[in-house]
Amino acid sequence: MFKLPGRMGYPLLGIALDLTGTKKDPLEVMNDINVKYGSVALSWLLHYPLFVVTDPDIIRDILMSPHCINKSKVYRPFKKAIGVGLLSSGNPEWSVHRKHLNPTFSHKILLSFIPVFNEEVNKLLEQFQQMDECPDVISVLQEFTLTTGLRTTMGIEASERAISARLKANFNVLAKGLIQMVFSPWLAHDLIRKLYGIYEPFNTHRKDNEKIIQNLIKKKLDKVNSGSKIFIDQAVELLRKDIFSMQEVEDESNTMVVGALETTTNTIGYGLMLLAMFPEYQERAYEELLAMFPEGGAFDVTYANIQDMAYLDLIVNETMRLMAPGPLVARENTQDLQLSNGLVLPAGVQCVINMFALHRRRDIWGPDADRFNPDHFLPSNIEDKHPFAFIPFTKGVRSCIGRKYGLMSTKITLAKLLRNFKFSTDFKFEDLEYCDTLVLTLKRVPALKIEKRQKIH
Ligand code: HEM
């Protein structure tokens, strides 16, 4: 018998109207459900049952089950925006694609990206050098992660500015349309989109994106593969071997860019904001970086350096605990699923993992769960935590394919920025307001003051 407490919403609609964001943000709606009905709650979205969870045991049941690999139906609009790639595809296609694409994030390939990360952060240093204040660090970082992402996954060089600018404009419009369609599912119907006047601009950008990516693929097809194993070259190899179709290469290309862009941007940006709000922890990170890079300036960060950044590691984890880039992850179970609390989840339930609330549970993280404190990740504090209490990339076979890439680029960027600049802000942590636009977003981005650190000779 499947019976749980929860918010049923309106007949036929369930909580669909709540999720449009007119009164409350979808993240707030999910948090309210868990606060009111507990760590395992039931709700409805149209005629689909929604299972909203913050219990680490149940989250483990979901993420580790071979019957919960498929993404929830709420991800269907991805097809219209960026096509069906790893982020939204279902089995059996997903398993085949993931198996072929896993090697594009191998250790050896990731190591080859380190010089690119270093080079692009050096340009960012020059930009910050000109500023005393940065009103919107997220938009500055977006440029940087897009350029880095396009170089490392798509092989588009930083000098190809016109293409990057077009892709950026396209992805902005597509992401906005995608969010509208996910949270207001009726907007996924072309007729309704036409009536609202949002169909044409969206389609223009979608087509332009297709054109750019198709051209890139054609150019790659015309050339003999130089032996490069970055994502686009591997994908084109799979096209040559008839394992992927042209459409699949296009869709996976869009997926890689979208998967990398805002997640990494926000982790770096939120890290800077939190350290600006909590200067005592920024100073400890600075001390660590000063000892490693006494000269400052445009130094190169190596793989070995990244392994040695013990304090920065705590900071990155604590940033992703409080501000996980993907605060809500949704799956669907294709078969009845036996849960560790004795309940059997019938097939076809939409399982929403409320990572935002999980990461702030006081019974797991202590009375200061809502406060930024990197000590939460000291070995002595983390060793007895439930293995599914902290899951910024989720866990299991369908966890983030770009985890190591994301961590590496975040650490290199933060190390070089924090060694060279001191960030501060008048904005208070308590005043941050969060919303879920598929990635965690801030209603207002705190302005950061930037001071240059003295070089030590
Ligand atoms: C700090 C950075 C990042 C965070 C926190 C993050 C987080 C996540 C999360 C939560 C998921 C969903 C996993 C699930 O459904 O269980 C995901 C999936 C994914 N991410 Fe990331 N991500 C990051 C960086 C990246 C980067 C750099 C890339 C690409 C270069 C990337 C590409 C993807 C892709 C393709 C998927 C879909 C994987 C699949 O379903 O097989 N991510 N990520």
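Residues numbered from 1 in each chain as written. Predicted model: local features only at pLDDT ≥ 70, side-chain atom pairs only at ≥ 80, totals over all residues. Heavy atoms only, no water.

Regarding the pairing of strand E11 (residues 448-452)
Here comes step 1: Strand direction decides the pairing type here: strand E3 (residues 133-134) and E11, joined by 2 bridges, are antiparallel. Residue pairing in the sheet places Glu-133 in a bridge with Lys-449 of E11.
Here comes step 2: Bridge count between strand E8 (residues 421-424) and E11: 4 bridges; the pairing is antiparallel. Of the residues in E11, the one forming a bridge with Lys-422 is Glu-451. (Pairing = 2+ DSSP bridges. Helix = DSSP H or I, 4+ residues; strand = E, 2+ residues; numbered from the N terminus.)

A look at the coordination of the iron atom of the ligand
Here comes step 1: With respect to protein ligation, the iron atom of the ligand binds only Cys-400 (SG), at 2.3 Å.
Here comes step 2: Tracing the backbone through its elements, the reader meets Cys-400 in the loop between helix H17 (379-382) and helix H18 (403-420). (Donors = N, O, S within 2.8 Å, 3.2 Å for Na, K, Ca; no water.)

Topic: the sheet that holds E3
Here comes step 1: Sheet architecture is open: 3 strands sit in the order E3-E11-E8, paired in antiparallel fashion. Two strands close off the open sheet at either side, each with one partner strand: E3 and E8.
Here comes step 2: Those strands touched by H18 are E8 and E11, and its axis lies near 90° from that of E8. (Contact = heavy atoms within 4.5 Å. Axes fitted to C-alpha atoms, helices over the stretch in contact; angles between N-to-C directions.)

Section: the packing of aromatic side chains
Here comes step 1: The final tally for this structure, using the stated rule, is 17 aromatic pairs.
Here comes step 2: Taken together, a centroid distance of 6.0 Å and an interplanar angle of 50° make the contact between Phe-128 and Phe-421 tilted. Linking Phe-128 in helix H5 (residues 107-129) with Phe-421 in strand E8, this pair joins segments that are 293 residues apart in sequence. Accessibility classification places Phe-128 together with Phe-421 in one group, the buried group.
Here comes step 3: On the basis of an interplanar angle of 65° and a centroid distance of 6.3 Å, the ring pair of Phe-421 and Phe-423 is categorised as edge-to-face. For the pair shown, Phe-421 and Phe-423 are each scored as buried.
Here comes step 4: An aromatic cluster is built from Phe-105, Phe-113, Phe-117 and Tyr-405, whose rings are joined through pairwise contacts. (Phe/Tyr/Trp six-rings, centres within 6.5 Å; stacked < 30°, edge-to-face > 60°. Buried < 20%, exposed > 50% of the residue type's maximum accessible area, 1.4 Å probe, protein only.)

Thoughts on the UniProt feature "binding site: heme" (unreviewed entry) in the protein chain
Here comes step 1: When the UniProt feature table is mapped onto this chain, "binding site: heme" (unreviewed entry) is found at Cys-400.
Here comes step 2: By relative accessible area, Cys-400 is classed as partly exposed at 36%. (UniProt positions renumbered as here; feature names shortened; annotations may be inferred.)

Here we look at unusual backbone geometry
Here comes step 1: The linkage connecting Asn-91 with the following residue, Pro-92, adopts the cis geometry, with an omega of 10°.
Here comes step 2: Within the fold, Pro-92 resides in the loop between helix H3 (78-82) and helix H4 (93-101).
Here comes step 3: One non-glycine residue, Asp-242, adopts positive backbone phi at about 65°.

Here we look at the pattern of salt bridges
Here comes step 1: According to the stated counting rule, one finds 25 salt bridges in the structure shown.
Here comes step 2: With a closest N to O distance of 2.7 Å, Arg-151 and Glu-120 form a salt bridge. Remark: Glu-120 occurs in helix H5 and Arg-151 occurs in helix H6 (residues 137-154); sequence separation between them is 31 residues. Glu-120 shares its class with Arg-151; the two are buried.
Here comes step 3: Note that Asp-363 is salt-bridged to Arg-361, the shortest N-O span being 2.5 Å. (Salt bridge = Lys/Arg side-chain N within 4 Å of Asp/Glu carboxyl O.)

Description of the side chain of Asp-25
Here comes step 1: Along the chain, the position of Asp-25 falls in the segment before helix H1 (26-37).
Here comes step 2: Within polar-contact distance, the side chain of Asp-25 engages the backbone nitrogen of Leu-27 at 2.8 Å.
Here comes step 3: Beyond its immediate chain neighbours, meaning those up to four positions away, Asp-25 contacts Tyr-434, Cys-435 and Asp-436. (Polar contact = N/O pair within 3.5 Å; in protein donor to acceptor, adjacent residues only side chain to side chain.)

Some remarks on the pairing of strand E7 (residues 350-354)
Here comes step 1: In terms of burial, E7 is a largely internal element, 5 of the 5 residues being buried.
Here comes step 2: Burial along E7 is two-sided: the residues Gln-350, Val-352 and Asn-354 and Cys-351 and Ile-353 are all buried.
Here comes step 3: Sheet analysis places strand E2 (residues 48-53) next to E7, joined by 4 bridges and oriented parallel. Each bridged residue has a counterpart across the sheet, and for Phe-51 the counterpart in E7 is Cys-351.
Here comes step 4: Bridging between strand E4 (residues 328-332) and E7 involves 5 bridges; their strand directions are antiparallel. Pairing of Glu-332 across the sheet is with Gln-350, part of E7.

Structural notes on the packing of helix H9 (residues 199-222) against helix H10 (residues 231-240)
Here comes step 1: Contact geometry for H9 and H10: axes closest at 10 Å, N-to-C directions at 70°. Comparing the axis directions of H9 and H10 gives the class roughly perpendicular. Facing Leu-216, Ile-217, Lys-220 and Leu-221 of H9, the residues of H10 in contact are Ile-232, Asp-233, Val-236, Leu-239 and Arg-240.
Here comes step 2: Of the residues assigned to the contact of H9 with H10, the class counts are 6 nonpolar, no polar and 3 charged. (Parallel < 35°, antiparallel > 145°, perpendicular 65-115°, else oblique. Nonpolar A, V, L, I, M, F, W, Y, C, P; charged D, E, K, R; others polar.)

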